[in-house]
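Below, each chain spelled out in residue letters.
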Amino acid sequence: ASDEIWGVRKACAESMGDVAASLTPDVRRDKLLPLVEAFTSDVSRWVRNAAFQHLGPLIATLSADEVTPQILQLFSSMATGKCNGGAGDSEMPNHCAYNFPAVVLTVGREGWPLLRDAYAELVKDIQWKVRRTLAFSLHELSLILGPELTAGSLLDAMDAFLSDLDEVK
């Protein structure tokens, strides 16, 4: 995270998920998770983008106990595309939507309150490919969340998707 060459830091950010899968929980908590914060606030836009793009796969390698509210907040900030220190990136919501089921599977029903607002933002996203990605994973989210949370959080999304563009339906 402290290399002078941004390309090296970017490559490290891109490999966080693969590295995390081979580390013990203690090493992930003590060494890798602090790097996430460093990469997502890096001076280079390219490093920040890479860190956010690979945040979902990284979270998917963790246990629910290892996922901090701060990490979920970083992931949720991708839903608006304003996760790079206020600078918008139109691809971030798509990365967020694509990885959303894996993140919810990792944190379970208990973590849904921290992700619900991000999901609501993604459902309203202006890009149809973001909404389509969510529509394609709706059944998986409902299995993870169970009947009560599905009824409270996902039925409105399903209604919206059913009345959306043909590409989303």
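Let us look at the structure shown here. Because the structure is a prediction, the values reported are computed rather than measured.

## Examining the overall build of the protein chain
Looking only at helices and strands, the protein chain features eight helices and zero strands. Counting helices and strands in the order they occur from the N terminus, the protein chain gives α-α-α-α-α-α-α-α. Over its C-alpha trace the protein chain gives a radius of gyration of 16 Å, about what one expects of a compact globule, namely 15 Å for 169 residues. When the backbone C-alpha atoms are referred to their principal axes, the protein chain occupies close to 50 × 30 × 20 Å. Buried residues in the protein chain amount to 46% of all 169 residues. A separation threshold of at least 6 residues defines the contact pool for the protein chain, and within that pool the share at least 24 residues apart is 65%. Accessible surface computed for the protein chain: about 8,800 Å², of which carbon and sulfur atoms make up 56%. Treating the 15 positive side-chain charges of the protein chain as one cloud and the 23 negative ones as another, the clouds have centres 4 Å apart.

## What about the nonpolar core?
One finds Leu55, Phe75, Phe100, Leu115 and Tyr119 to be the most contacted residues of the largest nonpolar core, which totals 46 residues. Examining the composition of this core, we find that 13 residues originate from one element, helix H7 (residues 92-123), more than from any other. Leave out the neighbours within four places in its chain, and leucine 115 touches Leu72, Phe75, Ser76, Phe100, Val103, Val104 and Val107.

## Here we look at helix H8 (residues 128-162)
The end-to-end C-alpha distance of H8, which contains 35 residues, comes to just 13 Å, noticeably less than the 51 Å that a straight helix rising 1.5 Å per residue would cover. Approximately 125 degrees is the largest bend angle found in H8, and it occurs at glycine 146, with the proline proline 147 only one to four residues beyond.

## Digging into the packing of aromatic side chains
Counting across every chain of the model gives five aromatic pairs. Seen from their ring centres, phenylalanine 75 and phenylalanine 100 are 5.9 Å apart, and the 45 degrees between their planes marks the pair as tilted. Separated by 25 residues along the polypeptide, phenylalanine 75 in helix H6 (residues 69-77) and phenylalanine 100 in helix H7 bring together distant segments of the chain. The class of phenylalanine 75 is buried, set by a relative accessible area of 0%. When the ring of phenylalanine 100 is compared with that of tyrosine 119, the centres are 5.4 Å apart and the planes differ by 55 degrees; the resulting orientation is tilted. You'll find phenylalanine 100 and tyrosine 119 in the same group, each marked buried.

## A word on helix H4 (residues 45-53)
For an α-helix, the turn length of 3.6 residues means that residues three or four places apart are oriented alike. Along H4, the residues classified as buried are Val47, Arg48, Asn49, Ala50, Ala51 and Phe52. Where H4 begins, the side chain of serine 44 points an oxygen toward the backbone nitrogen of tryptophan 46, at a separation of 3.2 Å.

The rules behind the values
Residues numbered from 1 in each chain as written. Predicted model: local features only at pLDDT ≥ 70, side-chain atom pairs only at ≥ 80, totals over all residues. Heavy atoms only, no water. Helix = DSSP H or I, 4+ residues; strand = E, 2+ residues; numbered from the N terminus. Rg over C-alpha atoms; globule rule 2.2 N^0.38 Å. Buried < 20%, exposed > 50% of the residue type's maximum accessible area, 1.4 Å probe, protein only. Contact = heavy atoms within 4.5 Å. Areas by Shrake-Rupley, 256 points an atom, 1.4 Å probe, with all protein chains shown as cover. Lys, Arg positive; Asp, Glu negative; His and termini not counted. Charge placed at Lys NZ, Arg CZ, Asp CG, Glu CD. Core = buried A, V, L, I, M, F, W, Y, C linked by side-chain atoms within 4.5 Å. Expected span 1.5 Å × (residues − 1). Bend = angle between axes of the 7 residues up to and from the residue. Phe/Tyr/Trp six-rings, centres within 6.5 Å; stacked < 30°, edge-to-face > 60°. Polar contact = N/O pair within 3.5 Å; in protein donor to acceptor, adjacent residues only side chain to side chain.

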